[in-house]
Amino acid sequence: MAKELKELTNREENYSQWYNDLVVKAGLAEYSAVRGCMVIKPYGYAIWEKMQQTLDRMFKETGHENAYFPLFIPKSFFSKEAKHVDGFAKECAVVTHYRLKNDPDGRGVVVDPDAKLEEELIVRPTSETIIWNTYKGWIQSYRDLPILCNQWANVVRWEMRTRLFLRTAEFLWQEGHTAHATREEAEQEAERMIRVYADFAENWMGVPVVIGHKSENERFAGAEDTLTIEALMQDGKALQSGTSHFLGQNFAKAFDVQFTNREGQMDYVWATSWGVSTRLMGALIMAHSDNNGLVLPPRLAPTQVVMIPIYKGEEELVAIGARLKEIAAELRAAGVSVKIDDRDHVRSGFKFAEYELRGVPVRLAMGPRDMAAGTIEVARRDMLTKETLPQQGLAQHIVSLLDRIQQGIYDKALAFRTANTTRVDTFEEFERTLDEKGGFVLAHWDGTAETEEKIKELTKATIRCIPWDAPAEKGVCIYSGKPSPRRVLFARSY
RNA sequence: CGGGGUGUAGCGCAGUCCGGUAGCGCGCCAGCUUCGGGAGUUGGAGGCCCCGGGUUCGAGUCCCGGUACCCCGACCA
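Residues numbered from 1 in each chain as written. Chains lettered and ligands numbered in written order. Predicted model: local features only at pLDDT ≥ 70, side-chain atom pairs only at ≥ 80, totals over all residues. Heavy atoms only, no water.

Caption draft 1: Structural view of the pattern of salt bridges. Counting across every chain of the model gives 25 salt bridges. Taking the shortest distance from any N to any O, the salt bridge between Lys60 and Asp56 comes out at 2.6 Å. Here Asp56 and Lys60 lie together in helix H3 (residues 42-61), a separation of 4 residues that amounts to about one turn. Judged by relative accessible area, which is 46%, Lys60 ranks as partly exposed. Judged by relative accessible area, which is 15%, Asp56 ranks as buried. Across the pair Lys214 and Glu230 runs a salt bridge, and its minimum N-O distance is 2.9 Å. Of this pair, Lys214 sits in the loop between strand S11 (210-213) and strand S12 (225-232) while Glu230 sits in strand S12, and the two are 16 residues apart along the sequence. Note on Glu230: relative accessible area 0%, which makes it buried. (Salt bridge = Lys/Arg side-chain N within 4 Å of Asp/Glu carboxyl O. Helix = DSSP H or I, 4+ residues; strand = E, 2+ residues; numbered from the N terminus. Buried < 20%, exposed > 50% of the residue type's maximum accessible area, 1.4 Å probe, protein only.)

Here it is as structure tokens:
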């Protein structure tokens, strides 16, 4: 690989370009031949798989089961929930035909006009409609409830502008869809799942998040309440990293899903849906990376420790390689994922730089001097520090080091967020903070959609959420001067 | 859909103003020397210069028409 390939564009000058370069050069993903669609490369997918496995386990621990619903949704399903169709209509891929044929003029293949579908099919942008159409057949009595299903799937949203991982025309995600007998139970479910997401973001990804309610403007199309986790990226923009919606009875009414309750009366089912996507990959990258490349939290790194032999000639390589294998076995026995890089056609310095770019948390290097002294060089990616330690007892040291790195990455991100969260009381201060500093801005808001809209128009900042833990605090709206009961979280966002 | 920009080797680009038959850097292949932070050197392979038409003895270069992609907005996980 070229030196040139490793050199990233300047992060301060153009964060977007830098991000794009990093994703491509670290081997995570790249754009494909299809406009707006992304190829997730093996290294990127390995990280996503780690995320998937962890989340999947968390979903199962909270009583959920996986299922799978169709990719295609009949067009008529969309018109059943008015707000829902409003929210998604503009960005749908539509299947109109089911057959191709050879062009009679010999110019390759054309769509067969005789194979027009009676009813067009929408490639799912989200699955509420097809799922509620299905749930209708599953639910008669309160004894059939709750239904707690999740699906891992791809969805398509025909976005005009795309960015690797953050917004692509097709993306991978999970969507949970639950059905409940009571409002309270559904509300609790929505809260439980946003907590699961926050737990995952903070304890696995090392990304601190603010949990809160979306304002009416920012709410999911068809939801009564949307809970969100909001993370702060290093360029000062917010990223909505996961959402959990309380859907009320909207979809049950749209798809006529009624059940007989304990009292023997008919009622509509209460619903939630919740999801996170490959966008989390973007959050991971933008929250931790530095000028040398990715910084992966150990709990999600496909390779936690890379071992690099430093040697001259075949003989040394054999001897050092053998010792590295012994140490690798000890590390694996301690539950650490290890890779030995004994490629002979690239030099060690090249490997150092490459694994830094790819964010591998710990690097071990061993050369003849270490062999003689019984030592090994241990370098940590997050701090870019290294020390020489005895080989004796290394496994234990690495296990605790990985824990410290995991914690260190989170602490650093949290410190960044704290330093970039500003409380402001005037509109002038609000604008200046956004322009000069960026980050999260806590300010008073009068609670109206009009004010939110106006602020967005003037500053491009939106209400990221009304934080759960926001203390009651009397104040006046920075825009309208009307009374406000608490501060809300504003930011410019992805 | 508006406003800018770019299509030349696998990647990044120069050459286009002023027409003369294809260059640079990196990568790739082979050899030798190297090897504790992105190796050095010698040799080599690799091009429908985005597509179509026109002008010309001659077009990567000029003219006309397409098309693709990128960036900035509007839309959004």
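Now, onward.
Caption draft 2: Main features of the sheet that holds strand S3 (residues 65-66). Spatially, the 11 strands line up as an open sheet ordered S3-S9-S10-S16-S13-S12-S11-S24-S27-S23-S22, and their pairing is mixed. Whereas interior strands pair on both sides, the edge strands pair on one side only; in this sheet they are S3 and strand S22 (421-423). Direction of pairing for strand S23 (residues 440-444) relative to strand S27 (residues 487-491): antiparallel, over a ladder of 4 bridges. Its bridge partner being in S27, Val441 is matched across the sheet by Phe490. The sheet strands contacting helix H7 (residues 183-203) are strand S9 (147-156), strand S10 (170-180), S11, S12, strand S13 (238-248) and strand S16 (270-277), and the helix crosses S13 at an angle near 165°. Strand contacts of helix H14 (residues 427-436): S22, S23 and S27, with the helix running at about 170° to S23, the strand carrying the most contacts. (Pairing = 2+ DSSP bridges. Contact = heavy atoms within 4.5 Å. Axes fitted to C-alpha atoms, helices over the stretch in contact; angles between N-to-C directions.)

Caption draft 3: Spatial organisation of helix H15 (residues 449-459). Among all positions of H15, only Thr451, Glu452, Ile455 and Thr459 are buried. Around the axis of H15, the buried residues are gathered within 100° of arc, so they sit on the same side. In H15, the exposed residues that point more than 90 degrees away from the buried face are Glu450 and Glu457. Where the residues of H15 are buried, they touch H14, strand S24 (462-467) and S27. Lys460 sits one or two residues past H15 and shows a positive phi near 65°. (Arc of directions from axis to C-beta.)

Caption draft 4: Molecular detail of a nonpolar patch on the surface. Taken together, the side chains of Leu100, Val109 and Val111 make up a nonpolar region of the molecular surface, amounting to roughly 280 Å² of accessible area. Mapped onto the secondary structure, Val109 falls in strand S7 (residues 109-111). (Patch = residues over 30% accessible without salt bridge, like charges linked within 9 Å, V, L, I, M, F, W, Y side chains within 5 Å. Areas by Shrake-Rupley, 256 points an atom, 1.4 Å probe, with all protein chains shown as cover.)

Caption draft 5: Molecular detail of unusual backbone geometry. Note the cis peptide between Leu145 and Pro146, where omega equals -5°. Relative to the helices and strands, Pro146 resides in the loop between helix H6 (128-135) and S9. In this structure, Leu384 is a non-glycine residue whose phi angle is positive, near 60°. Mapped onto the secondary structure, Leu384 falls in the loop between strand S20 (375-380) and strand S21 (385-390). Positive phi outside glycine occurs at Lys460, with the angle close to 65°. Mapping Lys460 onto the fold places it in the loop between H15 and S24.

Caption draft 6: Region of interest: the sheet that holds S20. Taken together, the 5 strands give an open sheet; going across it, the order is S18-S17-S19-S20-S21, and neighbouring strands pair in mixed fashion. Two strands lie at the open edges of the sheet, namely strand S18 (338-340) and S21, each paired on one side alone. Across the sheet, the mean angle separating the axes of adjacent strands is 25° when strand polarity is ignored. Alignment of strand S17 (residues 305-309) against S18, held across 3 bridges, turns out to be parallel. Within the sheet, the bridge partner assigned to Met307 lies in S18 and is Ile340.

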